[in-house]
Amino acid sequence: MIAGRRYPARTFLTSDMARRASSSTKKRRKARRLPPNPALWVVEPDNRAAPVPAATNAAAVAVPAAAAALSATTTAPAAAAPGDGAAAAPARPAKCAYFNRELSWLAFNRRVLEQARNEKNPLLERVRFLAIVSSNLDEFFEIRVAGIIQQVESGVTEPTADGLSPGEALRRVHSVVASLVEEQYHCWHKQLVPALAREGIFIKPALGLDARELAWARNYFEEQVLPVVTPVGIDQSHPFPQLGNKTLNVVVRLDDPRAPEVPPRTAILPVPRILPRLVRLCPGEDGPRRFVFLSEIIKLCAGVFFPGYRVRNASAFRVTRNSDLYIDDEEAENLLQRIEEQLRQRRRGAAVRLEIEDNVPDPIFDALCAHLDLAREYVFRLHGPLNLLRLLGLADIDRPDLKFPAFTPVNASPLRAAENIFDIIRAQDVLLHHPYDSFQPVVDFVGQAARDPQVFAIKQTLYRTSGDSPIVSALIEASRNGKQVAALVELKARFDEANNIQWARQLEEAGVHVVYGLVGHKTHCKCSLVVRREGAGLRRYVHLGTGNYNPKTARLYTDLSLFTAAPHLTGDAANLFNSLTGFSLAPGFAHLLVAPYNLHRRIQELIQAEAARAAAGKPARIIAKMNSLVDKETIDNLYLASRAGVRVDLIVRGICCLVPGIRGLSENIRVRSIVGRYLEHARACYFENHGAGPLIYAGSADWMPRNFFRRVEVLFPIESPPLRRWIMEEFFPPELRDNENARILHPNGSYLPPERAAPGEPGFSTQACSMARALQRAQAQAHPPVAST
């Protein structure tokens, strides 16, 4: 493994650094670098920087009484010093700092690993977090690392906003990943394996099986494995096989006992995907649960495939390949067929990583690297089971005592058990907070629309959904009931392309009008529109959400759902669908913020407006929750707002390229990340908007260039006074108060737990708080107070 190193986190850049010469005959302008601040470092594995001291100027920014709950949840950062801005916002700073996107993502994955190491979490949940780390790293290499490698191979040397060229970024990424993987396996071997053994769950290597277990394993091999494994010899008549993306294989080195002078032979045994990767030994016996990895059984019995040869060595390995889809929508006559072709090619993309057991002989190791055309820095020699995602089989063991306490989402909203859900929505807006609130009302919304004879049309976006989707079933039923049904299926939803192609075909067969969205854009917004006849006219109803129409992930992801019949919002939603299914050069959206049309511009205007108010001495506040913050213009405007004295709280689960806490630039900005039992997935933002009332939005978009310009996204306003109060009093404040699962981003790149007011102060978790409040609502619904007489 490559030892972890420390590097300067970023270089301060002149404002025109990213500009390119317009003509190929011009020499590319060289960006002028200013000396890096030696106090700013990326904290790599095992380096934990001390918390940054609070700013000395501690004047608090005032907050209106309507948002008092927000004001009480976090320490007020320093306001702008007198004279920084009186009547106008300050000029844009000449220097700005940015974290590297890839390194910031790796810092997020380290926070996931931290949950696996956290002994406060139940044991099997820690195993699940460890498996998620591996799954995340797989996608990171398949998409992000693969993209950087392509830039390097194409000769791109121009640095990005963080000051790193693709080559330097790639070098740092591999250094951090190597150390992260080392920590991951240390957690497995030194923490989780011993803890599992103490609970009667044993993971055994093949050489550690006793006689009874060995006999069982050999019998399992003969019955279940041998019939489905095809050995592949490698010599002049047997070319090196095509190794599929992320497929597990065992490479075997063989000796001929009759001819010891003959060089050893090499063969590969593909591990079949149809068999469980983790096999329970002697499952019918009582007592401790014992498991062995399928690859261990294959290595143990590898000699069966090669009669007469002696197995000198057997090592498991897997290859990760570039898995991004490269499709020019304008050149593809049939988008569905083109994506199917790309999916078939995905298994044969260029290799970007090799994981192999550390016992592999050097000749085989060298041969694999040569065949895959991989440099050594892309190779990870590991001591332990490859692909820790296989550990999810352990997390599914029936041991409730080793898991988070069961929680059933509460259906206590006004929409519960409504015979006519549209009557409720017509009378009031309804906002749900998943997974604490049940996803069932969303399913009921589409299901009732499918059966309601007064419903004439349903329009639906589908980005990701479950394998047995009740939403899709309802759309099919609606079409068969004679309703006009249009479904926008996003075929390019990463790693769900095959599922979505299947849904598209099923919907088309049922008569649903299926479209694939705008050319060159992914349709990522979450919107369901129902058109219903009421009296002599038609009324629209809409569901707008931050998460996918997937009942399964709705139990694992935190998201928001809004149901409304407000004509100005449903009218904008109708315009959105008309744009997606037809043609529109300039669709009008008066109330929804829709990418790629008005979302980016409006977000910049809202941030700048807060900066202007703060510079004029008025109260100003921004709170924003999202998955990722990458867009440079947005970050620069947040810096401008901070310099004007705007108090900014950002809740960014994953990538954050903004550097908080830099005096004179971002001292009024606080950034926190929450990683816990549920995946924080909701996006919402709050702008104080002094004098006119706070502006509150929720929706599908992160603050990234792809979401602003290359996707169709929707942010919707929260307008109902009760729902606005809930956002200001019960949604944002617990997130800003969390000191259990939250981590605070510091200027040096480290994420550290929030400081507690006093030693021994009890921990507070926003997720635990939301579960408790949901249960209270359910109890209040089951036992309503008795009116006094």
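Look above for the structure.
Predicted, not measured: the structure shown is a model, and the values here were computed from it. (Residues numbered from 1 in each chain as written. Predicted model: local features only at pLDDT ≥ 70, side-chain atom pairs only at ≥ 80, totals over all residues. Heavy atoms only, no water.)

Asks: I keep staring at the packing of aromatic side chains and nothing clicks. Help me out?
Replies: Any aromatic ring pair is given by two values, namely how distant the centres are and how the planes are angled relative to each other. Tallied over the full model, the rule gives 17 aromatic pairs. Look at Phe-141 and Phe-380: their rings are 6.0 Å apart centre to centre, the planes differ by 85 degrees, and that puts the pair in the edge-to-face class. Residue Phe-141 is located in helix α3 (residues 123-153), and its partner Phe-380 is located in strand β11 (residues 379-382); the two are separated by 239 residues in the primary sequence. For Phe-141, a relative accessible area of 0% corresponds to the buried category. Grouped by ring-pair contacts, the aromatic residues Trp-105, Phe-108, Phe-140, Phe-141 and Phe-380 constitute a single cluster. Residue placement shows Arg-111 over the ring face of Tyr-751; its charged tip is 3.7 Å from the ring centre. Its guanidinium or amino end placed over the ring of Phe-764, Arg-737 lies 3.8 Å from that ring's centre, counting from NZ or CZ. (Phe/Tyr/Trp six-rings, centres within 6.5 Å; stacked < 30°, edge-to-face > 60°. Helix = DSSP H or I, 4+ residues; strand = E, 2+ residues; numbered from the N terminus. Buried < 20%, exposed > 50% of the residue type's maximum accessible area, 1.4 Å probe, protein only. Lys NZ or Arg CZ within 6 Å of the ring centre and 35° of its normal.)

Asks: How should the environment of Gly-691 be read in this particular structure?
Replies: By the element assignment, Gly-691 lies in the loop between β25 (683-687) and β26 (695-699). For Gly-691, a relative accessible area of 77% corresponds to the exposed category. Residues Gly-691 and Arg-613, 78 residues apart in the sequence, show an inter-C-alpha distance of 9.9 Å.

Asks: Even after reading the chapter, I still don't get the sheet that holds strand β4 (residues 232-234), so can you show me in this structure?
Replies: Within a sheet, neighbouring strands are paired by backbone hydrogen bonds and run either parallel or antiparallel to one another. On the basis of which strands lie adjacent, the open sheet formed by six strands has the order β4-β6-β5-β9-β10-β11 and mixed pairing. Every other strand in the sheet has two partners, leaving β4 and β11 as the edge strands with one partner each. Sheet twist, expressed as the mean angle between neighbouring strand axes with direction ignored, is 25 degrees. As defined by bridge partners, strand β10 (residues 351-357) adjoins β11 across four bridges and the pair is classed as parallel. Among the inter-strand pairings, Glu-355 is bridged to a residue of β11, identified as Phe-380. Taken strand by strand, helix α8 (residues 362-372) contacts β5 (248-255), β6 (265-270), β9 (310-321), β10 and β11, and its axis lies near 165 degrees from that of β10. (Pairing = 2+ DSSP bridges. Axes fitted to C-alpha atoms, helices over the stretch in contact; angles between N-to-C directions. Contact = heavy atoms within 4.5 Å.)

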